[in-house]
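What follows is each chain in one-letter form.
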Amino acid sequence: MNTSSDGSVVIQPHGSVGPDDAVELRQLLVHTVRRVRPLRLIVDLADVRDLDPINLGSVVAACDLGDDHQVAVFVHNPNRALAAQLHAAGVPSQRVRQS
């Protein structure tokens, strides 16, 4: 996790994010939205090959949780398969930004 010059918090998972990473990712997302409360949280998936269903659900839930806490949550740079999964899970297209 790092903070960009505009105050956005950026979380950048790497590789294949599976069940062994589920607790850590969920806690990081929830902590960032509820405690850090940046204006914008960016989950940058540029280095992620795939997310298992649990972690995909955590990213989707973070978008909803952000709405409840006035934190804009965006997902940047998912590959095509991840973008399709995020859309199918209900993440609005304006929150998913592909480069």
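Refer to the structure above for everything that follows.
Right, let's talk about the overall build of the chain for a bit. A count of helical and extended segments in the chain gives 3 helices and 7 strands. Secondary structure elements in the chain, listed N-terminal to C-terminal, are β-β-β-α-β-β-α-β-α-β. Expected size for 99 residues packed as a compact globule is a radius of gyration near 13 Å; at 12 Å, the chain falls within 12% of this value. C-alpha atoms of the chain, sized along the principal axes, occupy 30 × 30 × 25 Å. Long-range contacts, defined here as pairs at least 24 residues apart, represent 69% of the contacts in the chain between residues at least 6 apart.

Our next topic: the sheet that holds strand β1 (residues 2-3). Reading across from one edge, β1-β2-β4-β6-β7 is the order of the 5 strands in this open sheet, with mixed pairing throughout. The sheet terminates laterally at β1 and β7 (96-97), the two strands that pair on one side only. Of the pairings in the sheet, the one linking strand β2 (residues 9-11) to strand β4 (residues 40-44) comprises 3 bridges and is parallel in character. Within the sheet, the bridge partner assigned to Ile11 lies in β4 and is Val43.

Within the largest apolar cluster, 25 residues are counted, with the highest numbers of intra-cluster contacts made by Leu29, Leu41, Leu45, Leu51, Val59 and Leu86. Going through the elements one at a time, β2, α1 (22-36), β4, β5 (48-51), α2 (53-68), β6 (72-76) and α3 (80-88) are the ones with two or more residues in this core. Sorting elements by how many residues they give to this core places α2 first, with 6 residues. With residues near it in sequence (within four places) discarded, Val59 still touches Leu25, Leu29, Leu51, Val75 and Leu86.

Per the counting criterion, the structure on display carries 2 salt bridges. Taking the shortest distance from any N to any O, the salt bridge between Arg40 and Asp6 comes out at 2.9 Å. Taken as a pair, Arg40 in strand β4 and Asp6 in the loop between β1 and β2 lie far apart in primary sequence, 34 residues in all. Overall, Asp6 belongs to the partly exposed group, its relative accessible area being 49%. As a salt-bridge pair, Asp67 and Arg95 come within 2.4 Å of each other at their nearest N and O atoms. Note that Asp67 is positioned in helix α2 and Arg95 in the loop between α3 and β7, a separation of 28 residues in sequence.

This next bit is on the environment of Leu45. Relative to the helices and strands, Leu45 resides in the loop between β4 and β5. Between the alpha carbons of Leu45 and Pro13 there is a distance of 6.5 Å; along the sequence they are 32 residues apart. Residues contacting Leu45, with those up to four places away along its chain left out, are Pro13, Leu51, Val75, His76, Asn77, Pro78, Leu82 and Leu86.

About the cut-offs
Residues numbered from 1 in each chain as written. Predicted model: local features only at pLDDT ≥ 70, side-chain atom pairs only at ≥ 80, totals over all residues. Heavy atoms only, no water. Helix = DSSP H or I, 4+ residues; strand = E, 2+ residues; numbered from the N terminus. Rg over C-alpha atoms; globule rule 2.2 N^0.38 Å. Contact = heavy atoms within 4.5 Å. Pairing = 2+ DSSP bridges. Core = buried A, V, L, I, M, F, W, Y, C linked by side-chain atoms within 4.5 Å. Buried < 20%, exposed > 50% of the residue type's maximum accessible area, 1.4 Å probe, protein only. Salt bridge = Lys/Arg side-chain N within 4 Å of Asp/Glu carboxyl O.

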